[in-house]
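Structural characterization, general
If you want the building blocks of each chain, they are given just below.
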Amino acid sequence: MKHTLLIALLITYNSFWFSNSIHAENDTRFTDDELIDTDGKPVNAHGAGVLYHKGVYYLFGEVKQGKTWLVPKQNWEDFRVPAGGVSCYSSTDLKHWKNRGVVLKPTTNNPDYDLDTSRVIERPKVIYNEHTKKFIMWMHIDKNDYSYSRGGVAISDKPFGPYKYLGSVKPNNQMLRDMTLFKDDDGKAYLIYSSENNNTMHICLLSSDYLTPTKAYTRILVNEGRESPAIFKNQGKYFLITSGCSGWSPNAASYAVADHVMGPWLERENPCKGVNAEVSFFSQGGFVLPVANKPGSFIFMGDRWNKTDLEKSTYLWLPVHIINDKIEIY
Ligand code: DGJ
């Protein structure tokens with residue numbers, strides 16, 4: 001009798017542990033149309049970033065909606081949809097995403113304004129400023145030919161907006177295209193962006209209110225032609241994953257490692273491993289999400305662009321495997 005009870009307890013414990021470990025693994029993977037909101041609609045948040053605040057994940061991304069068209073007279077695949085503003089979704093478990101609406105709305109009939117639907121609003125990222133108690137959003141603002149290349153900034157009292165647009169800037173008079181935002185453990189924040197016509201990446205320290213780029217910046221991956229920066233920190237080391245430059249078509253990722261956010265950065269190989277690793281599994285990374293309360297657990301968030309029908313673009317989220325100061329994604 002005692003034995004039967006013990007065996008029953010062991011089976012229950014094992015199946016509980018096993019199902020939980022499977023669950024945890026599944027939490028970090030989304031492919032194609034698996035990312036849906038709690039209304040059953042596909043999540044519309046591309047080039048996204050995530051803010052974790054008071055137990056809630058807030059996902060911000062580009063709204064891709066409307067007919068895709070090809071901008072004429074460009075020597076690259078300049079496919080465009082009307083700029084749809086920035087969407088926000090919230091979740092407590094990374095699985096169920098509630099649509100919080102468009103938190104930075106585009107405007108119409110004002111082509112000279114940064115947020116006009118005729119412009120480009122890409123890769124929004126949000127961080128929280130503990131001193132000012134404000135939520136700060138930075139994003140890439142551009143014109144159809146991507147010649148404007150500026151960073152736009154917006155502010156809100158609440159994570160889910162609405163955000164008030166404050167304007168755009170060229171940090172230190174340098175171009176800013178694909179970008180991300182990083183808040184370090186000491187509260188300092190940095191803008192990281194493709195600059196110098198996408199040839200070289202810059203990392204620029206922001207002012208203490210996170211609203212203005214400072215003069216302190218560094219040039220990294222010089223003349224490497226990298227895009228879509230995604231940075232994270234684990235056990236004191238900084239990791240920066242980037243893509244190559246091939247318009248909306250997938251290419252091989254690579255990563256770099258540093259002991260200080262301003263560098264020096266040691267360049268490494270493609271972190272993606274396995275079949276189709278050379279095209280990042282048909283995706284382009286854009287953010288690495290630290291899973292809350294699980295040190296060492298990170299999710300690589302990529303976009304699967306559908307270049308001729310951009311609103312049909314989907315996602316690929318995969319776990320990042322860390323082996324000392326090396327990473328692998330599969
Ligand atoms: C690649 C970038 O990573 C995207 O964000 C977007 O700007 C496209 N290029 C435009 O072709």
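Residues numbered from 1 in each chain as written. Predicted model: local features only at pLDDT ≥ 70, side-chain atom pairs only at ≥ 80, totals over all residues. Heavy atoms only, no water.

As recorded by an unreviewed UniProt entry, the protein chain carries the name Glycoside hydrolase family 43 protein and is attributed to Mucilaginibacter dorajii. Its UniProt record, at the heading Sequence similarities (unreviewed entry), says of the protein chain: "Belongs to the glycosyl hydrolase 43 family." (UniProt positions renumbered as here; feature names shortened; annotations may be inferred.)

On to the overall build of the protein chain. On a plain count of helices and strands, the protein chain comes out with 1 helix and 23 strands. Its C-alpha radius of gyration of 20 Å places the protein chain within 12% of the 20 Å reference for a compact globule of 330 residues. Projecting the C-alpha coordinates of the protein chain onto the three principal axes gives extents of approximately 80 × 45 × 45 Å. Looking at the protein chain as a whole, 53% of its 330 residues qualify as buried. Long-range contacts, defined as pairs at least 24 residues apart, comprise 48% of the intrachain contacts of the protein chain with a sequence gap of at least 6. For the protein chain, the exposed surface amounts to about 15,400 Å²; the carbon and sulfur share of it is 54%. The distance from the centre of the 37 positive side-chain charges to the centre of the 36 negative ones in the protein chain is 4 Å. (Helix = DSSP H or I, 4+ residues; strand = E, 2+ residues; numbered from the N terminus. Rg over C-alpha atoms; globule rule 2.2 N^0.38 Å. Buried < 20%, exposed > 50% of the residue type's maximum accessible area, 1.4 Å probe, protein only. Contact = heavy atoms within 4.5 Å. Areas by Shrake-Rupley, 256 points an atom, 1.4 Å probe, with all protein chains shown as cover. Lys, Arg positive; Asp, Glu negative; His and termini not counted. Charge placed at Lys NZ, Arg CZ, Asp CG, Glu CD.)

What follows is about the site of the ligand. Inspection of the region around the ligand gives Trp76, Glu122, Arg123, Tyr146, Asp178, Glu227, Gly247, Trp248 and Gln284 as its neighbouring residues. Residue Asp178 places a side-chain N or O atom 2.4 Å away from an oxygen atom belonging to the ligand. Gln284 places a side-chain nitrogen or oxygen 2.9 Å from an oxygen atom of the ligand. If the ligand stood free it would expose 290 Å²; the protein chains cover 98% of that surface. Here the residues of the shell around the ligand sort into 3 nonpolar, 2 polar and 4 charged. (Near = heavy atom within 4 Å. Polar contact = N/O pair within 3.5 Å; in protein donor to acceptor, adjacent residues only side chain to side chain. Nonpolar A, V, L, I, M, F, W, Y, C, P; charged D, E, K, R; others polar.)

The next subject is the sheet that holds strand β12 (residues 179-183). Overall, antiparallel pairing links the 4 strands, which are arranged β12-β13-β14-β15 in an open sheet. Each of the sheet's edge strands pairs with one partner strand only, and the pair in question is β12 and β15 (213-220). Here the average twist between neighbouring strands, direction ignored, is 25°. Direction of pairing for strand β13 (residues 189-195) relative to strand β14 (residues 200-206): antiparallel, over a ladder of 6 bridges. Bridged to Ser195 within β14 is Thr200. (Pairing = 2+ DSSP bridges. Axes fitted to C-alpha atoms, helices over the stretch in contact; angles between N-to-C directions.)

What follows is about the environment of Gln74. Following the sequence through the fold, Gln74 ends up in the loop between β4 (69-70) and β5 (79-80). Of the residues examined, Gln74 reaches a relative accessible area of 26% and is grouped as partly exposed. Expressed as a C-alpha distance, the spacing of Gln74 and Asn223, which sit 149 residues apart in the sequence, is 22 Å. A polar contact is formed between the side chain of Gln74 and the side chain of Trp76, at a distance of 3.2 Å.

Within strand β16 (residues 227-234), 7 of the 8 residues are buried, which leaves it mostly tucked inside the rest of the structure. As judged from the 6 bridges shared by β16 and strand β17 (residues 237-243), these two strands associate in the antiparallel manner. Note that in β17 the partner of Lys233 across the bridge is Tyr238. Taking the residues that link successive antiparallel strands as the turn, the β16-β17 hairpin has 2 residues, and the phi of Gln235 there is positive, at about 50°.

Moving on, we get to the side chain of Thr242. Examined against the element boundaries, Thr242 turns out to sit in strand β17. Overall, the relative accessible area of 2% leaves Thr242 in the buried class. Polar side-chain contacts of Thr242 include one of 2.9 Å to the side chain of Arg226. Excluding residues within four positions of it along the chain, Thr242 makes contact with Met201, Leu221, Arg226, Glu227, Ser228, Pro229, Ala253 and Ser254.

This part covers the sheet that holds strand β6 (residues 83-91). What the 4 strands build is an open sheet, ordered β2-β3-β6-β7; its pairing is antiparallel. Since the sheet does not close on itself, it has two edges, and those belong to β2 (46-53) and β7 (98-104), each with one partner. Strand-to-strand, the axes of this sheet are offset by a mean angle of 25°, without reference to chain direction.

Once that is clear, we can look at the pattern of salt bridges. Opposite charge on two side chains permits them to pair, given that their charged atoms come into close proximity. Summed over all chains, the structure comprises 13 salt bridges. Two residues, Lys233 and Asp184, come together in a salt bridge whose shortest N-O distance is 2.8 Å. Placement of Lys233 in strand β16 and of Asp184 in the loop between β12 and β13 is noted, with a sequence separation of 49 residues between them. Where Arg268 meets Asp325, a salt bridge forms, and the shortest distance between an N and an O atom there is 3.2 Å. Residue Arg268 is found in the loop between β19 (265-267) and β20 (284-290), and its partner Asp325 is found in the loop between β22 (314-323) and β23 (326-329); the two are separated by 57 residues along the sequence. The class for Arg268 is buried, based on a relative accessible area of 17%. A cluster of three or more residues bridged by salt bridges with shared partners is formed by Asp184, Asp185 and Lys233. (Salt bridge = Lys/Arg side-chain N within 4 Å of Asp/Glu carboxyl O.)

Turning next to the nonpolar core. Ranked by size, the top nonpolar core spans 21 residues in total, and within it Phe60, Leu104, Met137, Met139 and Tyr163 carry the most contacts. Those elements that provide at least two residues to this core are β3 (56-64), β6, β7, β8 (120-129) and β9 (134-142). In terms of residue count, the dominant contributor to this core is β9 (4 residues). Contact partners of Tyr163, with chain neighbours within four places excluded, come to Phe60, Val103, Leu104, Val126, Phe135, Met137, Ala154, Ile155, Ser156 and Lys158. One finds Ala45, Tyr57, Leu59 and Tyr89 within the second-largest nonpolar core, a separate group that totals 19 residues. (Core = buried A, V, L, I, M, F, W, Y, C linked by side-chain atoms within 4.5 Å.)

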